[in-house]
Amino acid sequence: MGDEEAKSLPMELSEKGGMENNGFVQNETFDEKETNASSQEEMPKMCIVGMNPVALEEPALEPYAGMPKEVLLKFSSQARYRVTREILFWLIIASTVMLVCATIAIIALSPKCLDWWQASPIYQIYPRSFKDSDMDGNGDLKGIQEKLDHIMYLNIKTIWITSFFKSPLKDLGYGAEDFYDIDPMFGSMSDFENLLAALHDRGLKVIMDLIPNHTSDKHRWFQLSRNRTGKYTDYYVWHDCAQADGTVAPPNNWVSVHGNSSWQFDDVRKQCYFHQFGKEQPDLNFHNPAVQQEIHEDITAYSQLYHDYTTTQVGMHDILRSFRHTMDQFSSEPGRYRFMSSDADDKEDTEATMMYYGTSFVQEMDFPFNFYLINLKNLSGNSIFEAVNLWMKNMPEGKWPNWAVGNPNSARISSRIGKEYVNVINMLLLTLPGTPITYYGEEIGMENIASEDVTFPEKSPMQWDGKFNAGFTEGNSSWLPVNPDYQSVNVEVQKTWSNSSLNLYRELTSLRNNELPIHRGWMCYIWNDSNVFVYVRELDGLDRVFMMVLNFGQESTIDLKAIVPNLPSEAFIRLSTNFSNAGKAVNTKIIKTEMGEGLVLEYKTEKPVHTMEAFQENCFVAEKACYSSAFNLLYVNC
């Protein structure tokens, strides 16, 4: 046996005829006879097998897919796996904490987002004149729905529809006969619901008129009040009238808005009732809690939002605050804020107008409507400045301004100040801070009907195209005649003109929506004289500034570099009332404008105007925000 075999473990295998292997037998005693007998027989063959002891050890186990729990636990407890697992765990925890902290910091530092009524211009529609869908010559709710694509084309997200409640229409619908029904002239409640659905499908908002100051004398409440029926007896303002020689003398010398006595004798009740407007519009008695509750229920009856006409009376602000409280109760859902505004046109008392904003503790209106630009008597750069400054310097801190240049009760821009100023007025409207309000048709420069026979020349039908009746109705006639200039002043034709009022309006709304300085930045007055009004819009953190040079007089040349020393020597025309000038460079020492011309200049600077001491008193901001270019977000702690 060799060395290799000597080192191996000998194993004897017993063979019996090659039939049986008994294996190893230890300490086995054999019978003597069997031993002797076997010794005489052929000895069984012995086989020595060499085995390596290393081969008998259990092979090393490696991780494998689908291993059972018992095997997995053997590996998971090993240091190299345990340490890696713990490192990953704490990294996840640390990342989560950092993400939560960053989110909280961003929320805490972010400015308040602009609400829908701040973010978009408002487009005011007089429904009877917008679009007729049933060929009766009167615009209606279905007609408005048909033309919603026009609203989208203008980049506008909010429409304001003037009153369409059931009414005798003696006062063009402002004296409601029923606050819970639609006047048949405009359609049905189903038409209104369909309009709302169509608006919401397009992401649009709607503002409706609610006139709580008075009702129609046909209203059920008035009929019950004049008969002294139950709680309705004092729903209106009644007073005994002095009678002498068969004539009725009013209780006092109060005069209505229309210039005659504000008292009217009622033959049924034998008393006089008070009316601030027409005698067909008796004033409600808001000192009666039952009346206040009725109006609260009107406010909540519809799913949307209201603008009200409530004239100033003793205790009126308390009533308006209660309206605001009711509106707030229905504004808790995201995106369902109930906007509330008011006509508070105290022409001689700016402070009284500003009271409608409320206080820093108690809110009333989101804003009272601003008529300062509508009420301008003489147009000039100075008069525009004075109107803008009057509102901005008196507006309470933190409140939001608004601007309008037309409405259903005022002559249109073209007729009031001249068609050559339409575009520059729209440029002013859409670049001032706050919410701009456009009366339908002003985007194409519509004019009043030039006829003494027309009672409401500013309410002529909307001019959609050059077809019969300007596309307003397919009927034979319209409730008011269409302006004869509709062949050239209409939506369809102005879409094809690059230099049209419509396309300029659309470019301006796009600029307002997309540029942060104009959307919510500072406004600083730079210069005003008899011809031009100049101001800038800028935002902390952005080096891009927009400067508006608007001409409301005659041809003018101005050296802006001398007025603002840090102004760059060159600026670029971002927009112009003359489209061919857009993109051109101008020398800021020589800015020339023609009569009615408007320029939106763009330039870059490291020294914005609102940080200059010389202009501190000329700068205003409503919703202050600062821009971080590193994180591409807005924050408040500038």
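The shown structure was predicted, so the numbers you read here are calculated from the model rather than taken from an experiment.

Draft legend 1. Structural detail: the overall build of the protein. A count of helical and extended segments in the protein gives 19 helices and 28 strands. Burial analysis of the protein (638 residues in total) assigns 49% to the buried set. Contacts in the protein between residues far apart in sequence, at least 24 positions, make up 66% of those at least 6 positions apart. Summed over its atoms, the accessible surface of the protein is roughly 31,900 Å², and 53% of this surface lies on carbon and sulfur atoms.

Draft legend 2. Summary view of the state of the cysteines. Using the criterion set out here, one finds 2 disulfides in the structure. Covalent S-S linkage joins C241 and C272, the inter-sulfur distance amounting to 1.7 Å. You can see C241 sitting in the loop between β8 (238-239) and β9 (242-244) and its partner C272 sitting in strand β12 (residues 271-274), a full 31 residues away along the chain. Like C241, the residue C272 is buried in the burial classification. Across the disulfide, C524 is cross-linked to C619 (sulfur-sulfur distance 2.0 Å).

Draft legend 3. Summary view of the sheet that holds strand β20 (residues 544-551). An order of β23-β22-β25-β20-β19-β18-β26 is seen for the 7 strands of this open sheet, with the pairing classed as antiparallel. Because the sheet does not close on itself, it has two edges, and the strands there are β23 (585-587) and β26 (619-620). The pairing of β20 with strand β25 (residues 598-604) spans 7 bridges and is classified as antiparallel. Looking at β25, one finds that F546 is bridged to E602. The strands touched by helix α17 (residues 501-514) are β20, β22 (570-576) and β25; relative to β22, the strand with the most contacts, the crossing angle is about 120°.

Draft legend 4. Quick look at the pattern of salt bridges. According to the stated counting rule, one finds 15 salt bridges in the structure shown. Notably, a salt bridge pairs R574 with E515, separated by 3.1 Å at the nearest N-O pair. With R574 in strand β22 and E515 in the loop between α17 and α18 (516-520), the pair connects residues that are 59 residues apart, well separated along the chain. Judged by its relative accessible area of 10%, E515 falls in the buried class. D559 is the partner of K589 in a salt bridge, and the nearest nitrogen-oxygen pair spans 3.6 Å. Highlighted residues: K589 in the loop between β23 and β24 (591-593) and D559 in the loop between β21 (556-558) and α19 (560-563), separated in sequence by 30 residues. The exposure class of K589 is partly exposed, given its relative accessible area of 45%. Take D559: its relative accessible area is 25%, and that puts it in the partly exposed class. When salt bridges with common partners are traced through the structure, they connect E515, R544, R574 and E602 into a single cluster.

Draft legend 5. Local environment of the sheet that holds strand β11 (residues 263-266). One open sheet holds the 3 strands; their spatial order is β8-β12-β11, and the pairing between them is antiparallel. Taken across any chain shown, the strands that pair with only one partner, and hence form the sheet edges, are β8 and β11. The pairing of β11 with β12 spans 4 bridges and is antiparallel. By the bridge assignment, Q264 is partnered in β12 with Y273.

Draft legend 6. Representation of the side chain of E447 in the model. Relative to the helices and strands, E447 is located in the loop between β17 (435-439) and α16 (491-495). Within the local environment of E447, its side chain forms a polar contact with the side chain of K419, the two groups lying 3.1 Å apart. If we skip the residues at most four places from it in the chain, E447 touches R412, S414, S415, K419, P457, S460, N483 and D485.

Draft legend 7. Structural context of the pairing of strand β19 (residues 532-538). Here β19 lies mainly inside the structure; 7 of its 7 residues are buried. Of the two faces of β19, the one lined by V532, V534, V536 and E538 and the one lined by F533, Y535 and R537 are each fully buried. For strand β18 (residues 522-528) and β19, the ladder comprises 6 bridges, and the chain directions are antiparallel. Among the inter-strand pairings, Y525 is bridged to a residue of β19, identified as Y535. Hairpin connection, β18 to β19: the antiparallel pair is bridged by 3 residues. With 6 bridges joining them, β19 and β20 adopt antiparallel strand pairing.

Basis of the calculations
- Residues numbered from 1 in each chain as written.
- Predicted model: local features only at pLDDT ≥ 70, side-chain atom pairs only at ≥ 80, totals over all residues.
- Heavy atoms only, no water.
- Helix = DSSP H or I, 4+ residues; strand = E, 2+ residues; numbered from the N terminus.
- Buried < 20%, exposed > 50% of the residue type's maximum accessible area, 1.4 Å probe, protein only.
- Contact = heavy atoms within 4.5 Å.
- Areas by Shrake-Rupley, 256 points an atom, 1.4 Å probe, with all protein chains shown as cover.
- Disulfide = S-S within 2.5 Å.
- Pairing = 2+ DSSP bridges.
- Axes fitted to C-alpha atoms, helices over the stretch in contact; angles between N-to-C directions.
- Salt bridge = Lys/Arg side-chain N within 4 Å of Asp/Glu carboxyl O.
- Polar contact = N/O pair within 3.5 Å; in protein donor to acceptor, adjacent residues only side chain to side chain.

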